[in-house]
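Listed below, chain by chain, are the residues.
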Amino acid sequence: MRSAHHKTESMENQKFTLSGNIVDVVNQRIYTGTISVTDGVIVAIKDEPVIETNYIIPGLIDAHVHIESSMVVPARFAQKAVVHGTVATVSDPHEIANVLGIDGVKFMIKNGKETPFKFFFGAPSCVPATSFETAGAIVDSSQVAQLLAMDEIYYLAEMMNFPGVIFDDAEVMAKLKAAQTAGKPIDGHAPGLQGADLQKYAQAGISTDHECMNMDEALAKINANIKVQIREGSAAKNFDDLLPLVNLNPNMVMFCSDDKHPDELAKGHINLLLKRAVAKGYHPLTLLTICTKNVIDHYHLPVGLIQKGDSADFVVVDNLVEFGVLSTFINGQKVAENGTCLFDVKPLDVTPNNFNSEFITQEAIKVSDKNLNVKVIEVEDGQLYTKSSVAKLTAIDGNLQADIPNDVLKIVVQNRYQVSPPSVGFIRGFGLKQGALASSIAHDSHNIVAVGVNDADIASAVNEVVKNKGGIAVVNGIKKRVLPLPVAGIMSNDTVDDIAAKYLQLSQFAKQLGTPLSSPFMTLAFMSLLVIPELKLGDKGLFDGTKFEFTSIYE
């Protein structure tokens, strides 16, 4: 096991003891005792009767998360995560890499190191995610190998290009080989993959997947020796459907959020999943093993498990039902107590970005009425998958119009890295009756994506994002609200609470305009994620994710 790469002055010459009900996931027992810590390391654990009623549990770990989706930089994420008992994350910096390449990954590592929190970053494997969209950078196999050689890089991040694996794409195979040569795990991303294709994907060395939608898919992947990361994020919520895996295959399961928006991170993290699962009758010892030891063992992480000689990474909770976090320790340093983070974050010395888009006009997003029948992206709340349908629209002055009563709205994707014409399509499920939404958080390439009821508001919303060189905007005529995201156009150095408050204001404004979606901006962010079927819109056009090819917007 490699040594932890975080150390603070407060760890030096530090000695203390802590008593309580100790949850030992290594030996699968809960007992009363006293932990002795010196200089950040557990030097002794005395098994003895104690009066304390609190529980000491291993520090919680999110097994797969894109920090960027919290809309704050890693250091700010850490300040909020520790309050919820999280001490570490397996973090895929794929989002910022699509904007800034390797420099973006290095920014995340550097910023994370400014805190005691344990960020374990991966080498992004799919930048750009596909050749069918414009990203801000390319991370090729030689650069992936360069990243994997770094001590701060713990794994090859999710291999979304599963067709490339199945068909032996040379560049994809070179990235997989680089990870195997470095002796580091490979994360997967293969929604709906089955049969012989799934077997080949697994045989290529891919060892995890967080895209399972149901038990059949999850069990098939486990049978292929792929560990399932049960996901509960802000947009994709698969926790309840996959929770039976906890009892069926506890050694092949981890918990993750994948994408966590700031308003939800403010409320809780992995601790809330523990509470939900215990309420459904699952044993807390099994659950805690899944979100600590399973992750540590798989990724070879230097995180302690309350054993003698371990780094002192643990959390004091009130009980094993509510999991109310009383205090959090990382390397023996108390980093949170009673809902308050105990470490500060410095201002950013640089604000990296890559934003070269220009303002757009209403004229640029007109759709010719050469055919009134159009293909429509069908959104389902809480899912990244979309479906495809057909709608018949009307036209005014040769421009196809949104059908508001039937919830067929216009969707636009604008290249933010170079000046080019916007891409336009139609979408159902956003439910807007007025106005438009726009965002430069648009997986995977983070171009600008917008949805709205009319061209004027759509163009205005896009232009608000352009004006701020990144952010989220809601527009209804002259009424406008914007959340600027100056770091790579996807993050801020403000606190999670500050960003959450502003984000909630935008969400409430969006809901006033009619959207029934629980997280409209998170859903919007995935409407250009081409690697998730069925139908999506990228900056180069409408994309059929089942055939992996462009398709006409006309039926």
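Read on for a plain summary of the structure. (Residues numbered from 1 in each chain as written. Predicted model: local features only at pLDDT ≥ 70, side-chain atom pairs only at ≥ 80, totals over all residues. Heavy atoms only, no water.)

1. Structural notes on the overall build of the protein chain
Helix and strand counts for the protein chain come out as 17 helices and 29 strands. At 23 Å, the protein chain has a C-alpha radius of gyration in line with the 24 Å of a compact globule built from 555 residues. Each principal axis of the C-alpha atoms in the protein chain carries an extent, and together these give about 80 × 50 × 45 Å. Going through the 555 residues of the protein chain one by one, you find that 63% of them count as buried. Relative to all contacts within the protein chain whose residues are 6 or more apart in sequence, the contacts with residues 24 or more apart total 70%. (Helix = DSSP H or I, 4+ residues; strand = E, 2+ residues; numbered from the N terminus. Rg over C-alpha atoms; globule rule 2.2 N^0.38 Å. Buried < 20%, exposed > 50% of the residue type's maximum accessible area, 1.4 Å probe, protein only. Contact = heavy atoms within 4.5 Å.)

2. Notes on helix α4 (residues 141–148)
Taken residue by residue, α4 has S141, V144, L147 and L148 as its buried positions. In a view along the axis of α4, the buried residues occupy a sector of 115°, so they form one face of it. Buried residues belonging to α4 abut α3 (102–112), β7 (118–123), β8 (153–159) and α6 (170–182). (Arc of directions from axis to C-beta.)

3. Let's talk about the pairing of strand β22 (residues 423–428)
Of all six residues that make up β22, five are buried, and the element is covered over most of its length. Two strands pair when backbone bridges link them, and strand β17 (residues 373–379) and β22 are joined in this way by three bridges, in the parallel orientation. Residue I377 lies in a different strand from β22, and its bridge partner there is I427. Examined bridge by bridge, strand β21 (residues 408–414) and β22 share six bridges and lie antiparallel to one another. Bridge pairing in β22 places V412 opposite V424. (Pairing = 2+ DSSP bridges.)

4. Remarks on the pattern of salt bridges
Proximity of charged atoms lets side chains of opposite charge pair with each other. Applying the stated criterion across every chain yields a total of 25 salt bridges. Across the salt bridge formed by D24 and R29, the nearest N and O atoms sit 3.8 Å from each other. The class of D24 is buried, set by a relative accessible area of 2%. A residue is classified by how much of its surface remains accessible, and R29, at 35% relative accessible area, is partly exposed. Close ionic contact of E322 with K275 constitutes a salt bridge, the shortest N to O distance being 3.0 Å. (Salt bridge = Lys/Arg side-chain N within 4 Å of Asp/Glu carboxyl O.)

5. A few points about the nonpolar core
If you look at the biggest cluster of nonpolar residues, it comprises 182 residues, and the most contacted ones within it are F255, L301 and F430. What F255 contacts, discounting residues up to four positions off in sequence, is I61, D62, A63, I230, F239, L243, V246, I270, L273, L287, I290 and C291. (Core = buried A, V, L, I, M, F, W, Y, C linked by side-chain atoms within 4.5 Å.)

6. Some points on the sheet that holds strand β11 (residues 227–231)
Strands pair in a sheet through their backbones, by hydrogen bonds, and they do so in one of two ways: parallel or antiparallel. Read across the sheet, three strands follow the order β10-β11-β12 without closing on themselves; strand pairing throughout is parallel. Unpaired on one side and paired on the other, β10 (208–209) and β12 (253–256) mark the two borders of the sheet. Of the pairings in the sheet, the one linking β11 to β12 comprises four bridges and is parallel in character. The partner of R231 across the bridge, within β12, is C256.

7. Considerations on the sheet that holds strand β2 (residues 29–38)
Taken together, eight strands build an open sheet; the order of strands is β3-β2-β1-β4-β13-β14-β15-β16 and the sheet is mixed. Looking at the sheet topology across the chains shown, the edges are occupied by β3 (41–47) and β16 (340–341). The pairing of strand β13 (residues 314–317) with strand β14 (residues 325–330) spans four bridges and is classified as antiparallel. Paired with F314 across the bridge in β14 is F329.

8. Thoughts on the environment of L285
Looking at where L285 falls in the secondary structure, it is placed in helix α13 (residues 284–290). Since its relative accessible area comes to 8%, L285 is described here as buried. A C-alpha to C-alpha distance of 7.2 Å links L285 and V23, two positions 262 residues apart in sequence. With residues up to four places along the chain from it excluded, the contact list for L285 reads V23, D24, V25, Q28, R29 and I30.

9. Here we look at unusual backbone geometry
Look at the link from V127 to P128: it is a cis peptide, with omega at 0°. Mapped onto the secondary structure, P128 falls in the loop between β7 and α4. Geometrically, the link from H443 to D444 is a cis peptide bond, its omega value of 5° lying close to zero. By secondary structure assignment, the location of D444 is in the loop between β23 (436–439) and β24 (448–452). Positive phi, close to 55°, is recorded for D168, a residue that is not glycine. In this structure, D168 sits in the loop between α5 (162–166) and α6. In the Ramachandran plot, N331 falls in the positive-phi region, its phi being about 50° despite a non-glycine side chain. Structurally, N331 is set in the loop between β14 and β15 (333–337).

On their own, these measurements won't tell you what the molecule is for.
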